[in-house]
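# Chains, contacts and geometry: an overview
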Amino acid sequence: MPSEEVVRDGFSCAYGRFYTTPHKGERVPGSVLRAAFLPRLTPQGNKYIRDSYGGDFVRSQLKHYGVAYDEEEFTGNGTLLLKKVLQAGKCDQVPPHLAKLRDEMHAEWLIQLTPEEISHHPEWAMEKYFLTSGKPDGAKTTTVVGFPFDKHSSYSSGKLRKAADNISGLHHATGYGPQTQMIFVGWDSTAVNRAAKRHAGDEAKAMKAADEEREAERSESHSNYLKTLKRKKGPKTYSPVGTYIVDCEEIEREWPDQADDLSLDICETGEPGIYEASFDFGILEGVMIMGTDQMTVEQYCSQMDGESDDENDSSEEERQSGSKRKHAVAAPKSRGRGRPPKKTKPSPSQSRKYHLKLRCAETMEGMIYYQPENGTITFQGNNMASFTGKASFPCVGTAVPFTARKTSDTVHGHGNSWSDYSEAAYERARVGRWH
């Protein structure tokens, strides 16, 4: 929903609430004020004053009830003035001009909301489109309005249907599409039913158009990269390093809402021939260690795990000893085995098949899978501009196929590291969920 408040004449309105400005005070019913402040100040009255940091509460209430006063009458936190006003019956009802202002500002705020934003607030939905002063108004909205919900929703969608049923002469019908259920509401039952029947086809067409537009953009990014390769001068050397757009049919089918921007960034490590890839596959994100020799990849991962264990042991010992030594700022650690990163110089004839091990975490729940999974990727040509891959991914499956197309030879940022998904990281996350 929009966060913009409607502000006017010393008041603000948003989310069905009407405040004074700048004190952000809501109106308290006159009967409640009388009970809290008459005949004497009660603990509840004291709480009102305390929670508003003094006189702001009294000023807000007087403003809500349109009570004019001389500033000289306001002493201390305003309690004496409020008692005087209550005894005179000046807070028994809201003046008509302020009630009208509140209703106008609320209606103005509702105008900002789309059917999707308002669908989970059926009382506001009915008020915005089909009621005027709480009564049915067939002239307010003459078209059919569609309110989208999750395809499997029952509670929230049921509340909207019930709200529509409570308005005489209003009709509703539900259409189920590939992704959503849409509740159509309007005064013309024929138009409402027609819209519901069209929803599945309309949504499928819209999804197809969006997919085609997305694929056109992705293909253009890859084509532009290929053009840069053709413009390169000098010896043609290629490397896996770069940014890739990824397609995975399994993820796109099972989790379509999270499959729009699958990506993978491959970087060099400090170990020649070993690469580290940060991937974002929608429901999963993690790190792959890859190289042409499977044994070298496994040895590299084992060594990385050993270094991570040593660091964790050292940190634990330092915490237990209560050491308060000041440490100098360490220089950034190089990747791999601590050697300075070396630029590899692959040749057009280098191997196209890479073995990989991966660790990852769920993007929704944050569950870390520290047990390494295996896979391979095979580049399609000497220019290493695209590849097909197959790997095991937790929650997705074993030997899951995916493809990738390169869009750049550079990588922005360093992404996550192998140790971010270690057993120690898993334990820290597990404990953190309970504390």
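Structure first, text after, so check above.
Residues numbered from 1 in each chain as written. Predicted model: local features only at pLDDT ≥ 70, side-chain atom pairs only at ≥ 80, totals over all residues. Heavy atoms only, no water.

The strand order across the open sheet built from three strands is S1-S2-S3, with neighbouring strands paired in antiparallel fashion. Each edge of the sheet is formed by a strand with only one pairing partner; in this case those strands are strand S1 (6-8) and strand S3 (17-20). Strand after strand, the sheet turns through a mean of 20° between neighbouring axes, direction not considered. Relative to strand S2 (residues 11-14), S1 runs antiparallel, the two sharing three bridges. Bridging from a neighbouring strand, Arg 8 pairs with Phe 11 of S2. Contacts between helix H3 (residues 56-64) and the sheet are confined to S2 and S3, with S3 contributing the most and set at about 115° to the helix. (Pairing = 2+ DSSP bridges. Helix = DSSP H or I, 4+ residues; strand = E, 2+ residues; numbered from the N terminus. Axes fitted to C-alpha atoms, helices over the stretch in contact; angles between N-to-C directions. Contact = heavy atoms within 4.5 Å.)

Right, let's get into the pattern of salt bridges. Counting across every chain of the model gives 19 salt bridges. One salt bridge in this structure joins Glu 108 and Arg 8, with 2.3 Å as the shortest N-O distance. You can see Glu 108 sitting in helix H5 (residues 96-111) and its partner Arg 8 sitting in strand S1, a full 100 residues away along the chain. Classification of Glu 108 as partly exposed rests on a relative accessible area of 37%. Here Arg 8 falls in the partly exposed class, since its relative accessible area comes to 27%. The salt bridge partner of Glu 427 is Arg 430, with a shortest N-O separation of 2.8 Å. (Salt bridge = Lys/Arg side-chain N within 4 Å of Asp/Glu carboxyl O. Buried < 20%, exposed > 50% of the residue type's maximum accessible area, 1.4 Å probe, protein only.)

Attention now goes to unusual backbone geometry. Cis rather than trans, the peptide bond between Thr 21 and Pro 22 has omega equal to 5°. Relative to the assigned elements, Pro 22 resides in the loop between S3 and helix H1 (30-37). Leu 38 connects to Pro 39 through a cis peptide bond whose omega is -5°. One non-glycine residue, Met 384, adopts positive backbone phi at about 55°. Tracing the chain through its elements places Met 384 in the loop between strand S14 (368-379) and strand S15 (386-393). In this structure Met 384 comes out as buried when scored by relative accessible area, which is 2%. Backbone geometry at Ala 399 places phi at a positive 50°, although glycine is not the residue there. Mapped onto the fold, Ala 399 is located in strand S16 (residues 397-408). With a relative accessible area of 42%, Ala 399 lands in the partly exposed category.

Attention now moves to the side chain of Arg 405. Here Arg 405 is to be found in strand S16. Of the polar contacts made by the side chain of Arg 405, one reaches the side chain of Ser 219; its length is 3.4 Å. Arg 405 has contacts with Glu 215, Arg 218, Ser 219, His 222, Thr 243, Tyr 244, Ile 245, Asp 247, Ala 385 and Ser 386, leaving out every residue within four places of it along the chain. (Polar contact = N/O pair within 3.5 Å; in protein donor to acceptor, adjacent residues only side chain to side chain.)

Here we take up the environment of Ala 35. With respect to the element layout, Ala 35 can be found in helix H1. What makes Ala 35 exposed here is its relative accessible area of 53%. Separated by 10 residues in sequence, Ala 35 and Gly 45 have C-alpha atoms that sit 8.5 Å apart.

The sheet built from eight strands closes into a barrel, its strands ordered S9-S10-S11-S12-S13-S14-S15-S16 with antiparallel pairing. Taken over all neighbouring pairs, the strand axes of this sheet differ in orientation by 30° on average, direction set aside. Pairing of S15 with S16, which is carried by seven bridges, proceeds in the antiparallel orientation. Looking at S16, one finds that Phe 387 is bridged to Ala 404.

Bringing the environment of Gly 291 into the picture now. Note that Gly 291 resides in strand S12 (residues 284-291). Ignoring any residue separated from it by four or fewer positions in sequence, one finds Gly 291 in contact with Gly 273, Ile 274, Val 297, Tyr 354 and His 355.

All right, on to a negative patch on the surface then. Where like charges cluster on the molecular surface, the negative patch consists of Asp 150, Asp 211, Glu 212, Asp 257, Asp 260, Asp 261, Asp 280 and Glu 285. Here Asp 211 lies in helix H9 (residues 189-231). The exposure class of Asp 211 is partly exposed, given its relative accessible area of 43%. (Patch = residues over 30% accessible without salt bridge, like charges linked within 9 Å, V, L, I, M, F, W, Y side chains within 5 Å. Areas by Shrake-Rupley, 256 points an atom, 1.4 Å probe, with all protein chains shown as cover. Lys, Arg positive; Asp, Glu negative; His and termini not counted. Charge placed at Lys NZ, Arg CZ, Asp CG, Glu CD.)

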